[in-house]
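Residues per chain, in single letters:
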Amino acid sequence: MSNIRLENITKKFKEVTALNDVSFSIKDGEFFVLLGPTGAGKTTTLRLIAGLEKQDVGHIHFDGELVDELPPAERDVAFVFQQYSLYPSMSVYDNLAFPLRSPMRQTPEAEIRMRVQSAAEKLRITHLLERKTGKLSGGEMQRVSIGRAIVREPRVFLMDEPLSNLDAKLRESLRVELKHIQKTQNSTTVFVTHDQIEALTMADRIAVLDEGHILQIGTPFDIYDRPATTAVAQLVGTPKINLLPAVRQNGHLLIESSTLKLQLSDDVSLPEAVSTGIRPENVEIMSDGQFSGKVALIEPLGVETIIHIRIGEQTLISIVPGTTNLRIDEDVRFNIAVNHLHFFEQNSGVRLN
Amino acid sequence: MATIELKQVEKKFGDSFAVKPLDLTINSGEFIVLLGPSGCGKTTTLRMISGLEAVTSGNILFDGKDVTWLHPSARDIAFVFQFFALYSHLSVRDNIAFPLQAQGMSREDIKKRVAEVADMLKIEHVLNARPGGLSGGDQQRVALARALVRKPAAFLMDEPLGALDAEFRESMRAEIKRLHIDQHATTVYVTHDQIEAMAMGDRIVVMSNAVVQQADTPTEVYNNPSNLFVARFIGSPGMNLIEGHYADGTINLPGDNRYSVPSGWRSVLETQLASDRRVIVGFRPEAVQVDGTGEINSTNYATDLHGGYTMLHLQLDPDTIVHARAGRDMRYQLSETVRFTLKPDMVRFFHPETEMALKQNGMKN
Amino acid sequence: MAAQSSSSFTPVNYSTRVDKVGTRPMVANLMRAIIAVMLVCLTLIPVVWMGMTAFKPLKDAITVPPKVFFTPSLEGFVNLLTQRRQLNGAELDQFRQRTDLNWADQIALQQQQQIIGQSQFVSQLINSLIIAVTSTVLSVLFAVLAAYAFSRFHIPGKDDLLFFILSQRMLPAVVVTVPIFLMYRQVGLYDTHLGMILLYTSFNLSFAVWLLKGFIDEIPTEYEEAALVDGYTRLQAFRKIVLPQAMTGIAATTVFSFIFSWNEFAFALMLTQDKARTAPPQIPLILGSGGVEWSTIAAGSMAFLIPVVIVTFAQWRHLLRGVTFGAIRKG
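Report on the accompanying structure. (Residues numbered from 1 in each chain as written. Chains lettered and ligands numbered in written order. Predicted model: local features only at pLDDT ≥ 70, side-chain atom pairs only at ≥ 80, totals over all residues.)

1. Quick look at the overall build of chain B
As a reminder, the rule being used: Every helix listed is a DSSP run of H or I at least four residues long, and every strand listed is a run of E at least two residues long, numbered separately from the N terminus. Buried, partly exposed and exposed are defined by the number of other C-beta atoms within 10 Å of a residue's own C-beta, namely 20 or more, between the two limits, and 12 or fewer respectively, with C-beta atoms placed from the backbone. Two residues form a contact once the distance between their C-beta atoms, set from the backbone, is within 7 Å.
Each helix and strand in chain B was counted, giving 9 helices and 20 strands. For chain B, the C-alpha atoms occupy an extent of roughly 75 × 45 × 35 Å along the three principal directions. Counting all 365 residues of chain B, 45% fall into the buried class. In chain B, 66% of the contacts between residues at least 6 apart in sequence involve partners at least 24 apart.

Rendered as structure tokens:
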């Protein structure tokens, strides 16, 4: 297993800049997630690490050793694709054995058998070994793809949205298994996704990318609790963070076009106008709450209920555990956890507190 | 607005059932969600209501009137498709006006009505644009406007949010629901997304393998699933379902665990289980209470942050993992021992052969 | 995505309402079966008739009304494949007493003839085989490599090059035969196997590149990239991963190329004389002396048809998928 360092990487495709002067390090044994919307540059980053693309500027190091000039085969990385990386004409066993039989490794067949068996057991696909991959379900295919990475015992695992083509239930269970396998093997893993739940639940650290730039790098707690920009704040968390324009007025914060007036603690210094972020779980509905509004919509999700509260022209989204007795258009009182507020500069969206 | 009744409606393709005989009454003004995995028959049911698909047998009634063999255009319904089905050569305004022109409405009235729905959906600013250039969310708003403009007897929607990006989906979900609250139009909505179904439906009709598994309010479907399929399908993750043996008020669970059955359930288990005493215990992740003295013993398989809370994945034995919802500060090492109890009022029991939920006296159904 | 979805208007489909009308499916199926059988007969009759004629004795082939039942004979094939001379009266008697004659000699004797050697048709068939097989193998080989390069690599002026390649196929054969004839005579390729192989290969290549590029485009690049990361070189990945998956396309291309080379008439007529002459220009010349020998012509046609049938059926498994999926969809 290895640590990886990317140094001032820039990559252009014709006129389009996919990555612009990106630098970061991935620690040995870390589960590192690249999170961002389509076109953010996360898959390009992964392909650069694999050597499937070459950067225009900058350097990539594995364990301090420069790998810029190494072809993919010599970097000793394993790549799990979103789909289409199993060879349909081969059996599952041969697919798993394929990397071990490469001219670079030429592993003896007895050892191949051992390693394929052990990987198959970890992923619960032993019963599939003799099957042709064309006949597998989506979930089984992706297990085999992951298995093919595991047999190699490479320096780094690179995974490009491996769960995104699976249905929701399968995604949930494979997510947990993948995380468990990574933790037991302590393998350095770089995982690309656009799904914030995957990033939060699996990562040791997350790098949030947008338009070829890194917006923030941190643990899931850092990203969720202290988003660096409004874009990061809106990207993570369901339901989405409430983001409301506000103006400061002698120690209070007035949410524009609303009846909301928040007491500020003395230690925050803010400009005149800010964007205020309030996570839905920090809007607490209680009968003696300080603020009031009107229930606009109730979305019961079973485990919790989303309540849309009209406050003047604005809507505030709150989430409460379990079910609710509230009714649509009813008046509701609530509190806001002031010490969990997020403040952002109104134009740039950069975090202020 | 119409009441829609399905009476023993079925659909066969060759010898296989797409929908087995189905009875369902959709009340006037109700928002009904047909929920299930792909191929369960939900879309076929919707298409039979619309008349786009002929029934093999059975009857469909709108407000008591038999419409089984009426042409779709004679049923006074509006259909919203997953892929918007907008006419790309017409402006947004003409797209919305299209159904009214078909009815031969006067120009003035059309103009007035289009302006009304455009205001309702906040798409006035794109009325002169072509649909091709709009965002996914706006395209679906235009599609909704085209459905709304006619004031039909019922709205039929086939996964209208399925083609949208995640970021639009959440807000469009709320918009459609709010629109329904304001309009109170009878709506039949098809989706495979259980969160969407829970959030939007007045009632959810859960389908699988061409059969209705349960039709009830979201809360009821969530808390009292009628069988194992519904228990697994609803919730993310679904209900924890663990098989064990019942004996003398306790159930043996994997990993040498014993679970004391709440007293109210003991007589139910004693009378309703088969002679082998096998039973499936079901509980939602939020029913788990981590407790150092809890009677169930597990090891931590994985722990993950979901933003506002943490999900613990606890292993009873190598094949049994329990998902437990916990406070966000709960953190455990890999393979660390975790003991827990279950909240007694949130535990359900299922028959392993019939896969049906066991019912206490006084419970619904 | 937006543009795509707006144009994908879902057509309203009423076709399923037909099942209410309730035609009895048994009757409908029977009617369908009858029509299908009739169509099959209509298309097969000429082929069957040709096959029958090939096995008729010479005189049975020209009777009016035509005979449907006859005693099969190999007269047509013997006449096709041999050179014979007419025997005079004395020789006839002598031959009739000989016991060392094989079955072919016997058939010739019935026509009062003696076999004196192979006919030219045999060597022409062999020429056809050599030229068609070699040019097919070469064009498919080069085309796979070219198509892979066009599909996967960034090549400057790719679109222009592809058009240029296709343009090779645009001039009708008759237009270019004369210049090629003059050039070939100059460089000594006239009436040689090599000349014909080069010509057919270059002709097939343009079409083969286009066809195969379509198939290879459809193979996701992830397959090769996975192999690259797994420790294989580009060429190994191509051989182990791309080639097996391109088999459908290769099969279809092989069949099309072979059929072209095998059937080609105009070039063969102009550019060969006897050494390298192929079968197609010769078949119309089989007409024997003293009346049309229909059995011999049918036998020649049969012999000419068989290799195409063999090649096509050898690739059948790949071809069915290939022709319906790749070729048509990619156009």
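2. Comments concerning the overall build of chain A
From N to C terminus, chain A includes 9 helices and 20 strands. Here chain A holds 353 residues, and 46% of them are scored as buried.

3. Side note on the sheet that holds strand 1 (residues 4-13) of chain B
All names here are of chain B. For the record, the criterion: For two strands to count as paired, DSSP must find a minimum of two bridges between them.
Spatially, 4 strands are ordered 2-1-4-5 in an open sheet, and the strand pairing comes out antiparallel. At either end of the open sheet lies a strand with only one pairing partner, and these are strand 2 (16-26) and strand 5 (65-66). Relative to strand 5, strand 4 (residues 57-62) runs antiparallel, the two being bridged by 2 bridges. From the neighbouring strand, L61 faces strand 5, where its bridge partner is D66.

4. Describing the packing of helix 2 (residues 92-103) of chain B against helix 4 (residues 136-148) of chain B
Residue and element names in this part refer to chain B. Here is the rule we go by: Under this scheme, a helix contributes an axis fitted over its contacting stretch, all axes are lines through C-alpha atoms, and angles between N-to-C directions fall in the 0 to 180 degree range. Angular relationships are summarised with four words: roughly parallel below 35 degrees, roughly antiparallel beyond 145, roughly perpendicular across 65 to 115, and oblique for the angles in between. For any pair of crossing helices, the crossing counts as left-handed if the nearer helix is rotated counterclockwise from the farther one by less than a right angle, and right-handed if it is rotated clockwise.
One can describe the packing of helix 2 onto helix 4 by two numbers: an axis separation of 7 Å at closest approach and a directional angle of 30°. Classified by the angle between their axes, helix 2 and helix 4 sit roughly parallel to one another. Considering the relative orientation of helix 2 and helix 4, their crossing is right-handed. Mapping the contact onto sequence places V92, N95, I96, F98 and P99 in helix 2 and V142, A145 and R146 in helix 4.

5. Observations concerning the sheet that holds strand 16 (residues 291-300) of chain A
Residue and element names in this part refer to chain A. As summarised here, the arrangement of the 5 strands in space is 15-19-16-17-18, forming an open sheet in which the pairing is antiparallel. At either end of the open sheet lies a strand with only one pairing partner, and these are strand 15 (283-285) and strand 18 (314-321). With direction set aside, neighbouring strand axes in the sheet form an average angle of 50°.

6. Describing unusual backbone geometry
Here the amide bond leading from S236 of chain B into P237 of chain B is cis, since omega sits at -5°, within 30 degrees of zero. One can find P237 of chain B in the loop between helix 8 (228-233) and strand 11 (240-247). Here the residue pair V64 of chain C and P65 of chain C is connected by a cis peptide bond, since its omega of -5° sits within 30 degrees of zero. Looking at the element boundaries, P65 of chain C is found in the loop between helix 3 (25-54) and helix 4 (75-81). If you check the backbone angles, Q106 of chain A has positive phi at about 45° while not being a glycine. With respect to the helices and strands, Q106 of chain A occurs in the loop between helix 3 (92-97) and helix 4 (109-122). In this structure, Q8 of chain B takes a positive phi of about 50° despite not being glycine. With respect to the helices and strands, Q8 of chain B occurs in strand 1.

7. Observations concerning the nonpolar core
Convention followed: A set of buried Ala, Val, Leu, Ile, Met, Phe, Trp, Tyr and Cys residues, joined to one another through C-beta atoms within 7 Å, is what we call a nonpolar core.
Counting 248 residues, the largest nonpolar core has V33 and L158 of chain A together with L212 of chain C as the members making the most contacts within it. Per element, the largest residue contribution to this core is 13 residues, and it comes from helix 10 (residues 193-217) of chain C. Each residue touching V33 of chain A, except ones within four places of it in the same chain, is listed here: F191, T193, A199, M202, A203 and I206 of chain A.

8. Brief notes about the interface of chain B and chain A
The parts lose accessible area when they come together, and the size of an interface is often stated as this lost area. Heads up, the rule is: Three residue categories are used. Nonpolar comprises Ala, Val, Leu, Ile, Met, Phe, Trp, Tyr, Cys and Pro, charged comprises Asp, Glu, Lys and Arg, and polar comprises the others, including Gly.
Residue-level contacts link 28 residues of chain B with 33 residues of chain A. For the side of chain B that touches chain A, the class distribution of residues is 13 nonpolar, 8 polar and 7 charged.

9. Side note on the pairing of strand 7 (residues 156-160) of chain A
Residue and element names in this part refer to chain A. Most of strand 7 sits inside the fold, with 5 of its 5 residues counted as buried. Going residue by residue along strand 7, you find V156, L158 and D160 tucked away on one face and F157 and M159 tucked away on the opposite face as well. Taken together, the 4 bridges between strand 6 (residues 77-80) and strand 7 define a ladder with parallel strand orientation. Its bridge partner lying in strand 7, F79 is registered against L158.

10. Let's talk about the packing of helix 10 of chain C against helix 13 (residues 247-263) of chain C
All names here are of chain C. It is the contact of helix 10 with helix 13, at a shortest axis distance of 10 Å, that shows an interaxial angle of 155°. As judged from the angle between their axes, helix 10 and helix 13 are roughly antiparallel. The hand of the helix 10/helix 13 crossing is right-handed. Residues Y200, N204, A208, L211, L212 and F215 of helix 10 pack against T248, G249, A252, T253, S257, F260 and S261 of helix 13. The class makeup of the residues in the contact of helix 10 with helix 13 is 7 nonpolar, 6 polar and no charged.

11. Structural notes on helix 5 (residues 166-183) of chain B
Note the threshold: Helix span is expected to be 1.5 Å times the residue number reduced by one.
Between its first and last C-alpha atoms helix 5 of chain B spans 26 Å; for 18 residues at 1.5 Å apiece the expected length is 26 Å, and the two agree. Of the residues making up helix 5 of chain B, those classed as buried are E170, R173, I176, K177 and H180 of chain B. Elements in contact with the buried residues of helix 5 of chain B: strand 16 of chain A together with strand 3 (31-35), strand 8 (186-191) and helix 6 (194-200) of chain B. Of the residues one or two after helix 5 of chain B, H184 of chain B is the one with positive phi, at around 55°.

12. Observations regarding the environment of D165 of chain B
Tracing the chain through its elements places D165 of chain B in the loop between strand 7 (154-158) and helix 5. Linking D165 of chain B and G137 of chain B, residues 28 residues apart in sequence, is a C-alpha distance of 8.5 Å.

13. Looking at the pairing of strand 17 (residues 310-317) of chain B
Residue and element names in this part refer to chain B. Bridging between strand 16 (residues 296-305) and strand 17 involves 6 bridges; their strand directions are antiparallel. For L305, the partnering residue across the bridge sits in strand 17 and is T310. Here strand 16 folds back onto strand 17, and the loop between the two strands holds 4 residues, one of which, G307, carries a positive phi near 95°. As paired strands, strand 17 and strand 18 (residues 320-326) are joined by 7 bridges and run antiparallel to one another. What sits directly across from H313, in strand 18, is H323. Counting the residues in the hairpin turn of strand 17 and strand 18 gives 2 residues.

14. Remarks on the environment of I241 of chain C
Mapped onto the elements, I241 of chain C comes out in helix 12 (residues 234-245). In this structure, I241 of chain C is in contact with Y87 of chain A together with Y223, E224 and A227 of chain C, ignoring residues within four places of it in sequence.

15. Concerning the environment of S265 of chain A
All names here are of chain A. Mapped onto the fold, S265 is located in the loop between strand 13 (261-263) and strand 14 (273-278). Taking the number of C-beta atoms within 10 Å as the measure of exposure, S265 has 9 and is therefore exposed. Sequence separation of S265 and N339 is 74 residues, and the distance between their C-alpha atoms is 8.3 Å.

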